[in-house]
Amino acid sequence: MPLPGVSAAGQVVSLKIRLIDNTVETINSHLPSHIRVLGLKRVTGRFNSKNSCDARTYSYTLPTFAFAHKDHETQDESFRLSQETLNRVNELLSLYKGTHNFHNFTSQKGPRDPSAKRYIMEMHCEPPFEQGGLELAVIKVKGQSFMMHQIRKMIGLVIAVVKGYAAPSIMERSWGEDKVDIPKVPGLGLVLETVHFEKYNRRFGNDGFHESLDWTEKEENIEAFKKEHIYPTIIQTEIEEKSMASWLATLSIHDYDATSQQPNDHKVEDAAVEQSDDGGDSD
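This structure is a prediction, so every number in the text was calculated from the model and none was measured.

Our next topic: a nonpolar patch on the surface. A cluster of nonpolar side chains, namely Val13, Leu15, Ile17, Leu19, Ile27 and Leu40, defines an oily patch on the protein surface of about 540 Å² accessible area. Inspection of the secondary structure puts Leu19 in the loop between β1 (7-8) and α1 (23-28). You can call Leu19 partly exposed: its relative accessible area is 49%.

As structure tokens, this is what we get:
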């Protein structure tokens, strides 16, 4: 399950159901317009959508002025992302790929907790686009599992480096045992894009009885749903509440050079959403 308050564009739910004619259409007729069932596939009797998932892809949609350098670029909606800055963003995001100790990216893990090590398969920022008069960019990250706040802090740290508040060396330092002060971007914009069932597909996807849990044939429907329901909500909320602009103003108060030998404290941050970005550790 995605984090409460986080949109989901590609969620999978497992349930036992009696099939009837036009099952998907019948279900959708009882749902609000912003909740849609896009497809239905038969699975094995012991399939569980949460436990069988071996990776998740999240996206984070943000206004591109988040990447404007603090000293010499506009910090508002008039900013347009250059190819040079986009390349720099992707250079930094690519550093996350592989296995790292992400204890600094959550409030729940100490530096020597084995479960703080997480494997990131891919992370990149797509070319910007305009919608609703605002230039936006989408960051996508695929990993085996994510801890509470991990994705938001991964992105927050890259923004701090691109804007010139933190040195690039902070990236590698954040994976060490020292505690590092890492900013956390607002929750607005975080979307569960896809849940992956690669092991299940290899075992059962071509057995002649079951279909692979691959929703590529629904990509157009998913993109249309995001453009109709998800992106407008993000844009309108940003325009009205200016959550990203307000957060950017706080970057200067972080101490990016300080480190501490003390393990992360376990205080509760944002208690209303106190759980991992992917709905629970899936170790």
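The next subject is the packing of aromatic side chains. Counted under the stated rule, the structure contains nine aromatic pairs. Between the aromatic rings of Phe102 and Phe105, the centroid separation amounts to 5.2 Å while the plane-to-plane angle is 75°, which identifies the pairing as edge-to-face. Assigned by exposure class, Phe102 and Phe105 land together as buried. Put simply, the rings of Phe47, Phe197, Tyr200 and Phe204 touch in pairs and so form one group of aromatic residues. The positively charged end of Lys70 is found above the aromatic ring belonging to Tyr165, 5.5 Å away from the centroid.

Structurally, Thr61 can be placed in strand β2 (residues 55-63). Accessibility expressed as a relative area gives 2% for Thr61, which makes it buried. Thr61 sits 76 residues away from Ala137 along the chain, and the two C-alpha atoms are 5.8 Å apart. Sequence-distant contacts of Thr61, that is, excluding residues within four places in its chain, are made with Leu136, Ala137, Val138, Leu188, Gly189, Tyr231 and Ile234.

Parameters and conventions
Residues numbered from 1 in each chain as written. Predicted model: local features only at pLDDT ≥ 70, side-chain atom pairs only at ≥ 80, totals over all residues. Heavy atoms only, no water. Patch = residues over 30% accessible without salt bridge, like charges linked within 9 Å, V, L, I, M, F, W, Y side chains within 5 Å. Areas by Shrake-Rupley, 256 points an atom, 1.4 Å probe, with all protein chains shown as cover. Salt bridge = Lys/Arg side-chain N within 4 Å of Asp/Glu carboxyl O. Helix = DSSP H or I, 4+ residues; strand = E, 2+ residues; numbered from the N terminus. Buried < 20%, exposed > 50% of the residue type's maximum accessible area, 1.4 Å probe, protein only. Phe/Tyr/Trp six-rings, centres within 6.5 Å; stacked < 30°, edge-to-face > 60°. Lys NZ or Arg CZ within 6 Å of the ring centre and 35° of its normal. Contact = heavy atoms within 4.5 Å.

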